[in-house]
Protein chains: 2
Amino acid sequence: MYDMTIQLHADGDKCLYEQIYEHIRQEIKEGKLLAGERLPSTRSLAEYLQISRSTVDYAYAQLQSEGYIEARPYRGYFVCPMEDLLQMESNLGASLQMNMCDAGADLDEDKSSKKDAVNYLYDFSPNGIDMSGFPFGVWKRITKNILTDANSELFSQGEAQGDYDLRLTITRYLHSSRGVNCTPDQVIIGAGNDYLLMLLEKILGPQVKIAIENPTYKRAYQIFQSFAYPITTVDMDENGMKAGRLEKEDVSLAYVMPSHQFPTGVVMPIGRRRELLKWANGGEERYLIEDDYDSEFRYRGKPIPSLQASDTHDKVIYIGTFSKAIAPAIRVSYMVLPEKLLAAYRRSCHFYSCTVSRIDQRILNEFISEGYFERHLNKMRKIYRGKHDLLLECLRPFEKKFTISGEHAGLHLLLTAKDYTQEKTFIRAAAQNGVKVYGLSDSLVAGVPENATILLGFGGLKNQEIIEGMNLLKKAWL
Amino acid sequence: MYDMTIQLHADGDKCLYEQIYEHIRQEIKEGKLLAGERLPSTRSLAEYLQISRSTVDYAYAQLQSEGYIEARPYRGYFVCPMEDLLQMESNLGASLQMNMCDAGADLDEDKSSKKDAVNYLYDFSPNGIDMSGFPFGVWKRITKNILTDANSELFSQGEAQGDYDLRLTITRYLHSSRGVNCTPDQVIIGAGNDYLLMLLEKILGPQVKIAIENPTYKRAYQIFQSFAYPITTVDMDENGMKAGRLEKEDVSLAYVMPSHQFPTGVVMPIGRRRELLKWANGGEERYLIEDDYDSEFRYRGKPIPSLQASDTHDKVIYIGTFSKAIAPAIRVSYMVLPEKLLAAYRRSCHFYSCTVSRIDQRILNEFISEGYFERHLNKMRKIYRGKHDLLLECLRPFEKKFTISGEHAGLHLLLTAKDYTQEKTFIRAAAQNGVKVYGLSDSLVAGVPENATILLGFGGLKNQEIIEGMNLLKKAWL
């Protein structure tokens, strides 16, 4: 049984929950806590340390979401088994700030809904975002100032990788918020993830065999298809992509969303991450593409570190975007290349000029480096958390008929039917009540789900709309 | 001998020169003037019509630059032979306005010069442009107004092809200035030509065999190389790409710059254009890419119509950009797809989201539709014409040793050595005098030129700099 002695410092610069989290994490990493070992219950640890139980709850939830421990119903918390051992970046946890933020996914607008004849009252699109919190005033002021000072230099063509200042700002931001280790040299700025993937194809060359998660972000799948890449779909389990499959398949690239998988919401635990990295290390030409699309929106605990942060062998191609965290119209994404691929980029792709205007780059640089981005994210996290909690509350009556998953992060939840009603039956019934919902099968690239799963996005709806929409869904489904 | 009777209308809405030009062009098209027939001398026609000789000069120069007639030294003007006959769009000439304007090439910044240890006093880069004439004030005001009225809609993701309003504006502009026939549906807006070519690769599929002009715009060559397209280089003659070669080669795509070839400055005459179109019509899968990169800067006569304007079989993929005509930092280009390729785009590439921010699209739309773009072009044409004429004047002493070509359009001239001095010898001698010049071999993708050719760009230099730079070149070379 676990020794509950933890030295807590009430006046330190770390809050109690962080101290507990870090202590246990350290014990696991140092092998003092072994796989399968049971942790004390949150109640007993809280009593022992004379602190609130919710503080321990938070620490455990964080350890759980990062894959260090797992909860077994009616039995308690246990240390997870780990693939041995890729050295984690040593002070990663410490470098991750509570002001966790990240770039948002370049998600497909729901184009079909535009064409739809039905006039929906409420649209639970998983891609909806809330622009009402966007600091238009600040953005306008920055734009105005930049144009006032603008000289012809700003209108001349800039560096192919993007302007150095913005690349430096992004490097710092990614390090502090996501633990990403890179230099500005490794960063390539481009107009959207789609473009950066196109550029990556040119760097990696044609006919690369790629593995993708199933279900996955559909547009990425379409893009890899358009590259004529042979695609292997790998099913997900509750820890993410089944990494064991990779060794058996003849693939050299895997596209994953470890911090918050779309659409399942799965956070890949550290054990699985290590398996993936181990696979990548097993071949000279193997790489992982980490699409870190919306990890800034977590509503409980600390941020989940990026996979790139755990990568010590230069195997992760990290991609992020400002489209979700700022606005879809801001066409700015970034890609962090491992050194070896950077050399390939310089050799064979240096002539592709940057796709983002220098003026836009300058505006964004100022928006981030002056602290507006962080403030905006904090504000949005609070707004989205409120919507998330409200939707969860509204979902209570649905629990008899559905299993709810994907909570505590992102901008949508998932409802999986307990019976065998078909997905389209739910969607049709919702539509008849004026509500647009989305099926998981939109994101499936192979196979058919046993039980229907519906995605309920809440980002683009107002609180009142969530309540009213859910009332209509109650009528439709219960 | 040609019947000189031309009905001139002094009070018509067309100037005399236009009336002469159109009359003769019509006679050629209708077969009343046959290939090889001699035109009256400019002097005799002017006397006959009782007008100024320079008016006739202009009309002839225009007919010549469009390939209807040719000048034979000491003999006069003769009607050119034509490939028979693809029906030209009937009222094309009429639809082309004198306020001719077009988008500028996405030319490579001269990166090597940045790294160069030499500190040049004067840089005759063919890619230099003059930003001093840019209406920063107008641009700022439009930006400010758009942001003031901005609602969250503007920050949401727009249509994949680009916003309809801008596509409509571009359609109108291309029709009036370049005779391009298309609907807004056929227009795709993207962040630079490089990106649009990447997208085109996805539309056309991999492994398309392409023919390019030699010499050509080097970055396009590099891009096609990065597509792993098998590339056939086709030499230029004084009329452009030797179209006869295409039938002999196993290619289905040809990349050409008919209105003002880079770097040679060749304007492809109508006969050669028809040969190209005829070749394209000979195969279901054959297409021509027309890169219409800087045709807005012509200093004599009427604009050269686009190749797309003569295309009646949907065989021309038309690409243009605002990078040269407005500013390199404005990352907006456009591609006009033939209907068949538009269908392929919709089938297999609709999911690629637009790479230009909606705010930038809106600014540009206003800049064009409010008439600022046209005014800007007219102003820049005047500024560049002044520099062009000055450089020509400065080149007089060089005529003993060099042949000058590429005049009357674009932003550079070419000097071809009459002796066999090597290109690098000229470049080195210039560098020793503090002047940076560029060799044609930078643009050659195959072969070695018999005589050294130097490109002298004047766009980025002030008048005084042109004079001083040319004085130094005189010291270096004469």
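This is a predicted model, so every value here is computed, not measured. (Residues numbered from 1 in each chain as written. Chains lettered and ligands numbered in written order. Predicted model: local features only at pLDDT ≥ 70, side-chain atom pairs only at ≥ 80, totals over all residues. Heavy atoms only, no water.)

Quick look at the overall build of chain A now. Of the regular secondary structure elements, chain A holds 16 helices and 16 strands. When each of the 478 residues of chain A is scored for burial, the buried share is 61%. Across chain A, the fraction of contacts at a sequence separation of at least 24, relative to all contacts at a separation of at least 6, is 75%. Split by element, the accessible area of chain A, about 18,500 Å² in all, is 48% carbon and sulfur. (Helix = DSSP H or I, 4+ residues; strand = E, 2+ residues; numbered from the N terminus. Buried < 20%, exposed > 50% of the residue type's maximum accessible area, 1.4 Å probe, protein only. Contact = heavy atoms within 4.5 Å. Areas by Shrake-Rupley, 256 points an atom, 1.4 Å probe, with all protein chains shown as cover.)

This part is about the packing of aromatic side chains. Here the structure, examined in full by the defined rule, presents 49 aromatic pairs over all chains. Arranged with centres 6.1 Å apart and planes meeting at 80 degrees, the rings of B:Phe224 and B:Phe227 form a pair that is edge-to-face. Judged by its relative accessible area of 4%, B:Phe227 is buried. Aromatic rings pair up to connect A:Phe134, A:Phe136, A:Trp139, A:Tyr173, A:Phe322, A:Tyr334, A:Phe367, A:Tyr372 and A:Phe373 into one cluster. The residue whose ring lies beneath B:Lys315 is B:Tyr287, and the NZ or CZ to ring-centre distance is 4.7 Å. Positioned above the aromatic ring of B:Tyr438 is the side chain of B:Lys436, whose terminal nitrogen or guanidinium carbon lies 5.3 Å from the ring centre. (Phe/Tyr/Trp six-rings, centres within 6.5 Å; stacked < 30°, edge-to-face > 60°. Lys NZ or Arg CZ within 6 Å of the ring centre and 35° of its normal.)

Moving on, we get to the state of the cysteines. Enumeration over the complete set of coordinates arrives at zero disulfides over all chains. Here B:Cys354 is not disulfide-linked; the sulfur of B:Cys349 is the nearest cysteine sulfur, at 14 Å. (Disulfide = S-S within 2.5 Å.)

By size, the foremost hydrophobic cluster in this structure holds 144 residues, and its most contacted members are A:Trp139, A:Phe155, A:Trp477, B:Trp139, B:Phe155 and B:Trp477. When sequence neighbours within four positions are dropped, the list of residues in contact with B:Trp477 reads B:Phe398, B:Lys401, B:Phe402, B:Leu415, B:Phe426, B:Ala429, B:Ala430, B:Val437 and B:Ile454. If you look at the next biggest cluster of nonpolar residues, it comprises 84 residues, including B:Leu196, B:Leu342, B:Tyr352 and B:Val445. (Core = buried A, V, L, I, M, F, W, Y, C linked by side-chain atoms within 4.5 Å.)

Opposite the 48 residues of chain B that make contact, chain A presents 47 residues. Summed over the three residues of chain B that lose the most area to chain A, namely B:Phe155, B:Gln157 and B:Phe351, the buried surface amounts to 18% of that side. Where chain B touches chain A, the interface holds two salt bridges. Residue B:Glu201 is joined to A:Lys202 by a salt bridge in which the shortest nitrogen-to-oxygen separation is 2.6 Å. Applying the counting criterion to the chain B and chain A interface returns 16 residue pairs in polar contact (both at pLDDT 80 or more). Contributing elements (two or more residues each) for the side of chain B that touches chain A: α6 (136-149), α7 (152-155), α9 (193-204), α10 (218-226) and α14 (358-369) of chain B. (Buried area = accessible area lost by both parts, 1.4 Å probe. Salt bridge = Lys/Arg side-chain N within 4 Å of Asp/Glu carboxyl O. Polar contact = N/O pair within 3.5 Å; in protein donor to acceptor, adjacent residues only side chain to side chain.)

Of the transformation superimposing chain B on chain A, the axial component is 0.0 Å and the angular component is 180 degrees, with the fit at an RMSD of 0.1 Å. Interpreted geometrically, this transformation is the action of a two-fold axis. A share of 98% of interface residues in chain B that are also interface residues in chain A marks the association as one of identical surfaces. (Least-squares fit on C-alpha atoms with pLDDT ≥ 70 in both.)

Residues and elements named next belong to chain B. One open sheet accounts for eight strands, arranged β4-β11-β10-β9-β8-β5-β6-β7; its pairing is mixed. Taken across any chain shown, the strands that pair with only one partner, and hence form the sheet edges, are β4 (187-190) and β7 (240-241). Pairing analysis gives four bridges linking strand β8 (residues 253-256) to strand β9 (residues 287-291), with the strands arranged parallel. Directly across from alanine 254, in β9, lies its bridge partner leucine 288. Against the sheet, α9 makes contact with β4, β8, β9, β10 (316-321) and β11 (333-336), and its axis sits at roughly 30 degrees relative to β11, the strand it touches most. Here helix α12 (residues 270-281) sits on the sheet in contact with β6 (231-237), β7, β8, β9 and β10, set at roughly 140 degrees to β9. (Pairing = 2+ DSSP bridges. Axes fitted to C-alpha atoms, helices over the stretch in contact; angles between N-to-C directions.)

With that out of the way, let us pick up the pattern of salt bridges. A complete count under the given rule lists 30 salt bridges over all chains for this structure. With a shortest N-O distance of 3.7 Å, A:Arg272 and A:Glu275 are connected by a salt bridge. With a gap of three residues between them, A:Arg272 and A:Glu275 both fall in helix α11 (residues 270-281), about one helical turn apart. A:Arg272 sits in the buried class, given a relative accessible area of 9%. In this structure, the salt-bridge partner of B:Arg272 is B:Asp237, at a minimum N-O distance of 2.9 Å.

The description of two packed helices rests on the angle between their axes and on the distance between the axes. All names here are of chain A. In contact at an axis separation of 10 Å, helix α14 (residues 372-394) and helix α16 (residues 463-477) are set at 20 degrees when each is read in the N-to-C sense. With respect to each other, α14 and α16 are oriented roughly parallel. Like other packed secondary-structure pairs, α14 and α16 cross with a definite hand, here right-handed. Across the interface between the two elements, Lys387, Leu390, Leu391 and Cys394 of α14 pack against Asn463, Ile466, Ile467 and Met470 of α16. Residues of the contact of α14 with α16, tallied by class, amount to six nonpolar, one polar and one charged. (Parallel < 35°, antiparallel > 145°, perpendicular 65-115°, else oblique. Left-handed = near helix turned anticlockwise from the far one by under 90°. Nonpolar A, V, L, I, M, F, W, Y, C, P; charged D, E, K, R; others polar.)

Inspection of every chain in the model, using the stated rule, returns 12 cavities of 30 Å³ or more. Within the residue set of the lining of the largest cavity, elements represented by two or more residues are α6 (136-149) and α13 (358-369) of chain A together with α6 and α14 of chain B. Of the residues that constitute the lining of the largest cavity, the class distribution is 18 nonpolar, six polar and four charged. (1 Å grid on protein atoms, 1.4 Å probe; cavity = no way out; pocket = protein on both sides within 12 Å on 5 of 7 lines; lining within 4 Å. Points joined across faces, edges and corners; volume = space filled by probe spheres on them.)

Another point: the packing of helix α16 (residues 423-432) of chain B against helix α17 (residues 463-477) of chain B. Residue and element names in this part refer to chain B. Packing of α16 against α17 leaves a shortest axis separation of 9 Å and a crossing angle of 125 degrees. When the axis of α16 is compared with that of α17, the two are oblique. Both α16 and α17 take part in a crossing whose hand is right-handed. Residue-level contacts link Phe426, Ala429 and Ala430 of α16 to Leu473, Ala476 and Trp477 of α17. Here the contact of α16 with α17 is composed, by residue class, of six nonpolar, no polar and no charged.

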